[in-house]
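# Close look at the chain arrangement
One-letter residues, chain by chain:
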Amino acid sequence: MRKIRDRLLYELQREPEEKKVSLQDRAGRLFIGFLIVMLLLTFVSRAANSVITAKVDVTSPKKGTLNFEVNGVGILGAKAEKYLNLYEGVRIAAVFVQEGQNVEEGDLLFQYDINDLEDILDDLEDEIIKAELNLQKERLNYKAGSEGTTKETAEITLERAKLDLRAAKEDLKIAKKNIGKEKKYTYEDAEKAYLDALEAYNDQEDKKQKALREASKKISEAKEALDELYEDKDKADTERVIIIFRAAVENNNYEAISEAENNIFKKYYGETEYETHKKEVERARKAVSRANEDYWNGIAALEGEEKLSPSEYARYKRAIEDAEDALADLTKKDNQLTTAMWDYRNAILYNKTDMEKTHGALYSMLYTEDKNKEKLINSANKAINSAEESLAETTDEWQKIMEKAERVVTDAEAARDKARSFYDQILNKTYDYSQEVKAEEMRVMTANRVFEDAKIGLKEAKESDADTAKNNNINRQIQNIDLELSEMDIQNKEEAVAEIKNILKNEGKVTSPVTGVLVENGIVLGNRITVADRVCFALSNYGFEAKVTKDEVKHLAVGDEMIVQVGDSKEELSITLENITSEDAEGKITITGIMPKGNYSVGTPVSFKVSKQSKQYRNTIPIQALRMDANNKTYVLITEETNTILGNELTALRMDVTVLEKDYTIAAIENGLSDNIIVSSNKNIKEGDRVRLNGD
């Protein structure tokens, strides 16, 4: 360009010659003019391009967190509820309280199984070892990005391979340990299933025996009824009391005679009915006596020659007659029976020829032959047959039930024995893991080969500027690795280990954190804690509750701090989010908390606010950088430098992204992106448009 400019100046300044311009000179001047026009057009084109091309601002993805705020209005309730945090998957060894029981802070609630807690602790410690290995590897990866020789890079590669080999071996150890736990839990569950099946079998056996006893009892009762019909117990009893009476008379034993007469009356009326009859007769005699007394007392009350009036006399007389008639009715059969006994007695003592006649008269009063006996016998026989058929059916039904229960026990026992066999092999270290840890063993083999290759690579390593430049490029790509996340993960696991150790120090015993009433106790002795199990206390404090949406609840967790304001009060109170319920029919979720002690009213509105910060993401960008096409696909535009006839230019290039989460200003994305993400422009742009950076 400088040579062209000098040539132009020369041609413009030189003196014109007298002689005729040659064709060659004329062609040179035309070429120079053409170049001048082209240069002017280039300047004009660049000026126009600077006006037409969109100006953009760009940014780079950064590590960062998102900020969320959930707010709304809830109400105060009469009672607050406190939920206990439970360790899912841990078996319950003992339960010391029941629902509805009042508990004081510090009271013993239940006890975790020590072995399960130790298993969890063991798992957490293994996870910490793995996390520490990953952290060391990430540090090596970061170190690998620094400037260094090929030898240094090879040394780092070897160290990384060594860590990979250790991690693979740790994975293999954990896999075997998990298999061991699985076999243990399978055995425990199979043992419980066997014991449950055996208990169910024994319960069924008891029910079977009870059913058979009841069926057999019905047969016995039916046979006894038939035997009684054949034996005619009433006839035998009649003959027995008459024989006893005759023996007492013949022996002239007045005491025995009196007792025999009493037995005859009992046989005639029935034992209980005779006692009632005697009381009624006694009352009737007293009524006769009272009626006569009333009559004579009425006469005694008269003075001198005074007499009862006809109406009074008739009243007294009627009362006496009524009482005597009632007594006569009650004693009529007694008199007849007494006459029959005395006639038979006189015949025994004085007139033997009348004994048969008087015996028959007494016998006929005590015994009446049942004309329906034949029907009763037939009915009794049918009852026996029905009871025997019922017993046979019951026996068959229970035989089937018991056979099924026995199969369940047999299957459960076989499953228990099989599970115990595997678990014994685990304990004896004779179990064959080969089929279940193929993937882990393959990773160990692969990591071992990589480790051996890295050792060979270290021997062959030499210094190289090209390699150094390559490492510098690697350094720029790897610096996004988030070492802080790994360190935080290890810290969280160490806190969980400390918590488990604290519970183990207390022998797995859990105490009440509050004073209140245990209104829900979902834990069951011998069962493992599930996500559905809950332990809840009702407190004397006021409770807070509010409803939130499904999108809002994603940012909430039990234990979060909530800032609340009661009614019109400006005072901000801090409470803890105690519980998050399931979604209701309206698609809302209820959150609850416990209000501090204070003077409140039930139903008072309470505004709340929960501020949360997300976990740290590796790639975050301003939310205005996100774009969406007609198919609802999310993407960003980045700048890419291209070489054109007019020089190097920037072009907007589309890159699809996956949004992990976003707040009002920032979006976390899954993809690793270029450093030049377009966040704003002075005009609308699309993929393929030329752009230039603000300030250029």
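Each remark here, short or long, concerns the structure printed above.
Here we summarise the structure given alongside this text. Bear in mind that the values here come from a model prediction, so they are computed numbers and not experimental data.

### Description of the nonpolar core
Of all hydrophobic cores here, the largest spans 27 residues; its most connected members are L84, L109, F110, Y112, L117, I500 and F537. Residues within four places of L117 in sequence aside, it is in contact with V90, Y112, I500, I503, L504 and G508. By size, the runner-up hydrophobic cluster in this structure holds 21 residues, among which are V249, A260, A347 and Y367.

### Digging into the environment of A380
Tracing the backbone shows A380 in helix α10 (residues 373-428). Exposure remark for A380: the relative accessible area of 9% places this residue in the buried category. Separated by 156 residues in the primary sequence, A380 and E224 place their C-alpha atoms 9.2 Å from one another.

### Details of the sheet that holds strand β8 (residues 509-511)
Sheet strands associate in pairs through backbone hydrogen bonding, adopting either a parallel or an antiparallel arrangement. The strand order across the open sheet built from three strands is β5-β7-β8, with neighbouring strands paired in antiparallel fashion. A single partner strand is all that each edge strand has here, and the edge strands are β5 (92-95) and β8. The average undirected angle you get between the axes of adjacent strands in this sheet is 25 degrees. Bridging between β5 and strand β7 (residues 108-112) involves three bridges; their strand directions are antiparallel. Pairing of V95 across the sheet is with F110, part of β7.

### A look at unusual backbone geometry
The phi dihedral of N252 falls on the positive side, at around 55 degrees, and the residue is not glycine. Position of N252 among the secondary structure elements: in the loop between α5 (233-250) and α6 (254-269). Positive phi values are uncommon outside glycine, yet K429 reaches one of about 60 degrees.

### Some words on helix α7 (residues 271-300)
With 30 residues, α7 ought to run about 44 Å at 1.5 Å a step, and its terminal C-alpha atoms sit 44 Å apart, in line with that. Turning to α7, its buried residues number three or more, namely Y274, H277, V281, A284, V288, A291, Y295 and G298. The inward-facing, buried residues of α7 abut α6 and α8 (310-349).

Cut-offs applied
- Residues numbered from 1 in each chain as written.
- Predicted model: local features only at pLDDT ≥ 70, side-chain atom pairs only at ≥ 80, totals over all residues.
- Heavy atoms only, no water.
- Core = buried A, V, L, I, M, F, W, Y, C linked by side-chain atoms within 4.5 Å.
- Buried < 20%, exposed > 50% of the residue type's maximum accessible area, 1.4 Å probe, protein only.
- Contact = heavy atoms within 4.5 Å.
- Helix = DSSP H or I, 4+ residues; strand = E, 2+ residues; numbered from the N terminus.
- Pairing = 2+ DSSP bridges.
- Axes fitted to C-alpha atoms, helices over the stretch in contact; angles between N-to-C directions.
- Expected span 1.5 Å × (residues − 1).

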